[in-house]
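Remarks on the overall topology
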Amino acid sequence: MRDIHTPSQVEGCVVDEAQHALFIGEEDKGIWRFDAKPNASTEGKLIIKAGGDLVADVEGISLYQGANIHGKKQELLVVSSQGNNSYLLYQAEAPYAQVGRFRIGLNLNGMENGRETSIDGSAETDGLAVTHLPVGNGVWQQRMMLVVQNGHNHLPDANQAFKWLPWSSVVKQLDIH
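Residues numbered from 1 in each chain as written. Predicted model: local features only at pLDDT ≥ 70, side-chain atom pairs only at ≥ 80, totals over all residues. Heavy atoms only, no water.

**Quick look at the pairing of strand β12 (residues 145-150)**
Convention followed: Burial status follows relative accessibility: with a 1.4 Å probe on protein chains alone, a residue under 20% of its type maximum counts as buried, one over 50% as exposed, and anything between as partly exposed. The secondary structure listing takes helices from DSSP runs of H or I that are at least 4 residues long and strands from runs of E that are at least 2 residues long, numbered from the N terminus. Two strands pair under a simple rule: DSSP has to find at least two bridges between them.
By the criterion of burial, β12 is predominantly enclosed, with six of the six residues buried. Of the two faces of β12, the one carrying Met145, Val147 and Gln149 and the one carrying Leu146, Val148 and Asn150 are both buried. Bridge count for strand β11 (residues 128-131) against β12 is four bridges, and the pairing is antiparallel. Bridging across to β12, Thr131 finds its partner in Met145.

Pasting the structure below:
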């Protein structure tokens, strides 16, 4: 066990076991990488600075394993940029390049069994999680599901909700097959 620190508030973290890397989202600064080996240094490196598309508050962070980006398999960091209500994808290895950016918008056309099922987009996401495994039938069989916490729910009005997104909708929006 060892202590590691960032200059200000930590909002999320994820481990890439294959790389022995710990990635930490620091609210105002960006994304840090620490060596996750037990005897490694406690010094981290700020690999992605807040600014541009990554707007503070940097919040949730997760790892998507085995993404197929333009025909190349790679690991991706999926990050919540709470300052502009968007989500960013970064390579999980140097040079940590941004692969894409998206938002979760409104779906006002929801109907199921004659009942309205419209949903709002997401905003003020504090946390997220992603899996690269199939989780059901149909679009949920196509690898990867992203779940994000929605700070304010408007359809219906409520404190918060969780939005589930199939990977196919992210791929379609970003054109990253």
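Still to come is the rest of the account.
**Notes on the environment of Leu46**
So the rule is basically this: Any two residues whose heavy atoms approach within 4.5 Å at even a single point are treated as in contact.
On the secondary structure map, Leu46 appears in strand β4 (residues 45-49). Sequence separation between Leu46 and Arg33 is 13 residues; the distance between their C-alpha atoms is 6.4 Å. Look past the residues within four positions of Leu46 in its chain and what remains in contact with it is Lys29, Gly30, Ile31 and Trp32.

**A short note on the side chain of Gln149**
Spelled out, the test is: What qualifies as a polar contact is a pair of N or O atoms within 3.5 Å, subject to a donor-acceptor requirement within protein and to the restriction that residues adjacent in sequence count only when both atoms come from side chains.
Mapped onto the elements, Gln149 comes out in strand β12. Looking at Gln149, its side chain comes within polar contact range of the main-chain nitrogen of Asp126, at 2.8 Å. Every residue in contact with Gln149, bar those within four places of it in the chain, is listed here: Glu124, Thr125, Asp126, Gly127, Gln160, Ala161 and Phe162.

No statement about biological role is implied by the geometric values presented.
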